[in-house]
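Listed below, chain by chain, are the residues.
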Amino acid sequence: MFHLIFSLPSWYVIARVIIPLSLPLSAKILLSALALLASQYLLVSRFTSGGIFSAEMPRAIIILFNWAYGTVLLLAVFQIVLDAVMLLALLLRHPLPLSPDARYLTVLLAMGVAAFGVQQAIRVPPVKEVTLFLPNLPAEFDGYQLLQLTDLHITRLFNAVWTRAMVERAMSLRPDLIVVTGDVIDGSLEHRRHDVAPLHGLAAPDGVWAITGNHEYFFHQAIWTAHLASLGLQPLLNSHTVIQRGEASLVIAGLPDASAPRRKSTGPDLARALEQVPENAPIILLDHQPRHARENAAQGVDVQLSGHTHGGLIVGLDRLFAKPNAGFVSGLYQVGGMQLYVNNGTALWPGMAIRLGRPSELTRITLRRQP
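- The name that an unreviewed UniProt entry assigns to the protein chain is Metallophosphoesterase, with the source organism given as Pantoea anthophila.

**Remarks on the packing of helix H4 (residues 59-91) against helix H5 (residues 100-122)**
Logical step 1: Two elements in contact, H4 and H5, have axes separated by 8 Å at closest approach and are oriented at 135°. Taken together, the axes of H4 and H5 are oblique relative to one another. For the crossing formed where H4 meets H5, the hand is right-handed. Between H4, through Arg59, Ile63, Asn66, Trp67, Gly70, Thr71, Leu74, Leu75, Phe78 and Gln79, and H5, the contact on the second element is made entirely by Arg103, Thr106, Val107, Leu109, Ala110, Met111, Val113, Ala114, Ala115, Val118 and Ile122.

**Some remarks on the UniProt feature "transmembrane region" (unreviewed entry) in the protein chain**
Logical step 1: Mapped onto this structure's residue numbering, the UniProt feature "transmembrane region" (unreviewed entry) falls at residues 25-44 and 64-92.
Logical step 2: Each end of residues 25-44 is marked by a C-alpha atom, and these two atoms are 27 Å apart; helix forms 90% of the span and strand 0%.

**What about the sheet that holds strand S7 (residues 248-254)?**
Logical step 1: Strand order in the open sheet formed by six strands is S6-S7-S8-S9-S11-S10, with mixed pairing between adjacent strands. Lying at the two open borders of the sheet, with one neighbouring strand each, are strand S6 (239-245) and strand S10 (331-335). Between one strand and the next, the sheet's axes are offset by a mean angle of 20°, whatever the strand orientation.
Logical step 2: Sheet topology note: the S7/strand S8 (residues 283-286) ladder contains four bridges and is parallel. Its bridge partner lying in S8, glycine 254 is registered against leucine 286.

**A word on the packing of aromatic side chains**
Logical step 1: Enumeration according to the criterion identifies seven aromatic pairs in this entry.
Logical step 2: Centroid distance phenylalanine 158 to tryptophan 162: 5.0 Å. Interplanar angle 70°. Geometry classified as edge-to-face.
Logical step 3: Where phenylalanine 328 meets tyrosine 333, the ring centres are 5.1 Å apart and the plane angle is 75°; that geometry is what we call edge-to-face.
Logical step 4: The exposure class assigned to phenylalanine 328 is buried, which follows from its relative accessible area of 5%.
Logical step 5: Taken together, Phe53, Phe218 and Trp349 form an aromatic cluster joined through their ring pairs.

The rules we used
- Residues numbered from 1 in each chain as written.
- Predicted model: local features only at pLDDT ≥ 70, side-chain atom pairs only at ≥ 80, totals over all residues.
- Heavy atoms only, no water.
- Axes fitted to C-alpha atoms, helices over the stretch in contact; angles between N-to-C directions.
- Helix = DSSP H or I, 4+ residues; strand = E, 2+ residues; numbered from the N terminus.
- Parallel < 35°, antiparallel > 145°, perpendicular 65-115°, else oblique.
- Left-handed = near helix turned anticlockwise from the far one by under 90°.
- Contact = heavy atoms within 4.5 Å.
- UniProt positions renumbered as here; feature names shortened; annotations may be inferred.
- Pairing = 2+ DSSP bridges.
- Phe/Tyr/Trp six-rings, centres within 6.5 Å; stacked < 30°, edge-to-face > 60°.
- Buried < 20%, exposed > 50% of the residue type's maximum accessible area, 1.4 Å probe, protein only.

Have a look at this one:
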């Protein structure tokens, strides 16, 4: 069923774009087969050593698959819009003649936009500056800077070369503290050991702290948590750390991903994570998925940093991500007395590597006292 759903845009493109083209039947059959193949990247991935969530194929092939499926998906969207306009015109008794060249131009447009979208997805992300104003922030922490990394999905696509370049850019920002909010990897330790090695270069005066995302639980989470800790990513799983500036305190708390119980692992427990936190200290919570933000806000959290949604990937289609994430998809939200920041992601899952209007980001968060 999963693979059938992914193939639906291809069937629409075959019926409404390829078949009407003025081409020989053999060419139409070939293009139809390519459109269907493009939609089955995840099925092809199942037959690699990594499986559906970690395609162990050459990077160039992964990029080609994502560009091809992006082309098919965008072409389906363009054709649906065109069909809707033509149907409306027909109902209004003002039929619009469609030039034969229009379909060819639409195909070229989809190919070009998809190429741009894939390039935006796989680049080392630019820096995004975010300022959060906290009414209870001690003066000692005014101007304090955190760097949030999330959804790295280190794989054959986001490999050692990409990871090293990302780390170099991150370290050039000189943050006070680095937080990594889950989905660091896709793949087994055997396959990813070399690709994650550059993470050892992450460092900050107040440490590098990490939580789990849902993807860690697909690949032996306990093994990965231990290995990432050996690289300097200290785990915060139902626990917290206290940053001191003289007598002033700032709490950084972290939760395991909400999917952990389904994988027979310890689930999130905010009460446990906040046990014995200093009184009146601002609390910054790391929670991979944003969907429990309202419950977290009710327990006195001041700031929640999340990822998981990849920002919705494409403007317009991002609303598909809203419902399963309690309406939180991208950017800054006020949730009761808590600020929620949903990061678009440092990278994304290679199964859908395209971004249009939802750019990846290295997120430098500056804390300021509320005026």
